[in-house]
Amino acid sequence: EVRKFKESVYERTRSIPKLYLVDTGLCKNFSSKDVGRRLENAVYLELRRREYDIFYHSEKRECDFIAVKDGNYYPIQVTYELNENNRKREIEGLIEAAKRFQCRSGVIITNDEEYTMNENGIEINVIPLWKWLLSSVKM
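I will try to describe carefully the structure that is included in this document. As the structure is a computational prediction, the values presented were derived from the model and not from experiment. (Residues numbered from 1 in each chain as written. Predicted model: local features only at pLDDT ≥ 70, side-chain atom pairs only at ≥ 80, totals over all residues. Heavy atoms only, no water.)

Structural notes on the overall build of the chain
- Across its full length, the chain holds five helices and seven strands.
- Counting from the amino terminus, the chain carries its helices and strands in the arrangement β-α-α-α-β-β-β-α-β-β-β-α.
- When the 139 residues of the chain are sorted by exposure, 43% land in the buried category.
- Put simply, of all contacts in the chain between residues at least 6 apart along the chain, 44% involve residues at least 24 apart.
- On the chain, roughly 8200 Å² of surface is accessible, and the fraction owed to carbon and sulfur atoms is 46%. (Helix = DSSP H or I, 4+ residues; strand = E, 2+ residues; numbered from the N terminus. Buried < 20%, exposed > 50% of the residue type's maximum accessible area, 1.4 Å probe, protein only. Contact = heavy atoms within 4.5 Å. Areas by Shrake-Rupley, 256 points an atom, 1.4 Å probe, with all protein chains shown as cover.)

In structure tokens, the structure reads:
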């Protein structure tokens, strides 16, 4: 489970958790048929493997993950594709989280899109899941 980021541990434990499965194969058979949700589950598992503390951010908008390591915060959105139906929501959620945690950049992980953009002073790296999984570079 992933809890909403709150400064207070008490408030954090009382937040509604987002649940992820330990095996992405289980996602297909027992959970969502939504490919975007399965991508999100794969990102969660990789963040755990890389030993990040993992939270989600939710105020006016939502950001799928706030990965925390060594006092640094990394906002991450996951979507199968950025399209006219979700582009604004995904970008605004990432920007809100980046500003909240004073980050100059964030990542949007997709199925196969790759480019960099700058929105409201935040550098957004759009990267395919396979490439992100193979990267050993810190976020």
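Once the structure has been displayed, the description carries forward.
Quick notes on the side chain of K18
- Its place among the elements puts K18 in the loop between helix 1 (9–14) and helix 2 (24–30).
- Judged by relative accessible area, K18 falls into the buried class, the value being 15%.
- A distance of 3.2 Å separates a polar atom in the side chain of K18 from a polar atom in the side chain of E40.
- In this structure the side chain of K18 is engaged in a polar contact, spanning 3.2 Å, whose partner is the side chain of E62.
- Setting aside chain neighbours within four positions, we find K18 in contact with E1, V2, E40, Y56, E62 and D64. (Polar contact = N/O pair within 3.5 Å; in protein donor to acceptor, adjacent residues only side chain to side chain.)

Thoughts on the pattern of salt bridges
- The tally for this structure, following the rule as stated, stands at 10 salt bridges.
- A salt bridge links E40 to R37; the nearest nitrogen and oxygen atoms lie 3.3 Å apart. Residue E40 and its partner R37 are located together in helix 3 (residues 35–49), separated by three residues, close to a single helical turn.
- The partner of E90 in a salt bridge is R89, and the shortest N-O contact between them spans 3.3 Å.
- Overall, E90 belongs to the buried group, its relative accessible area being 7%.
- Residues joined in a network through salt bridges with shared partners are K18, R37, E40, E62 and D64. (Salt bridge = Lys/Arg side-chain N within 4 Å of Asp/Glu carboxyl O.)

Considering the pairing of strand 7 (residues 122–128)
- Burial of strand 7 is extensive: five of the seven residues sit out of reach of the surface.
- For strand 6 (residues 115–119) and strand 7, the ladder comprises five bridges, and the chain directions are antiparallel. Looking across to strand 7, one finds that N118 is bridged to E123.
- Following strand 6, the chain reverses through two residues before pairing antiparallel with strand 7; N120 in that reversal takes a positive phi of roughly 50°. (Pairing = 2+ DSSP bridges.)

Side note on the nonpolar core
- One finds V43, L47, F65, I76 and I109 to be the most contacted residues of the largest nonpolar core, which totals 20 residues.
- Listed by contribution, the elements that provide at least two residues to this core are helix 3, strand 2 (53–58), strand 3 (62–69), strand 4 (72–78), strand 5 (105–110) and helix 5 (129–134).
- Looking at this core element by element, the count peaks at five residues for helix 3.
- Ignoring sequence-local partners within four residues, the contact set of V43 consists of F65, I76, V78, I109, L129 and W132.
- If you look at the next biggest cluster of nonpolar residues, it comprises 18 residues, including F5, A98, M117 and V126. (Core = buried A, V, L, I, M, F, W, Y, C linked by side-chain atoms within 4.5 Å.)

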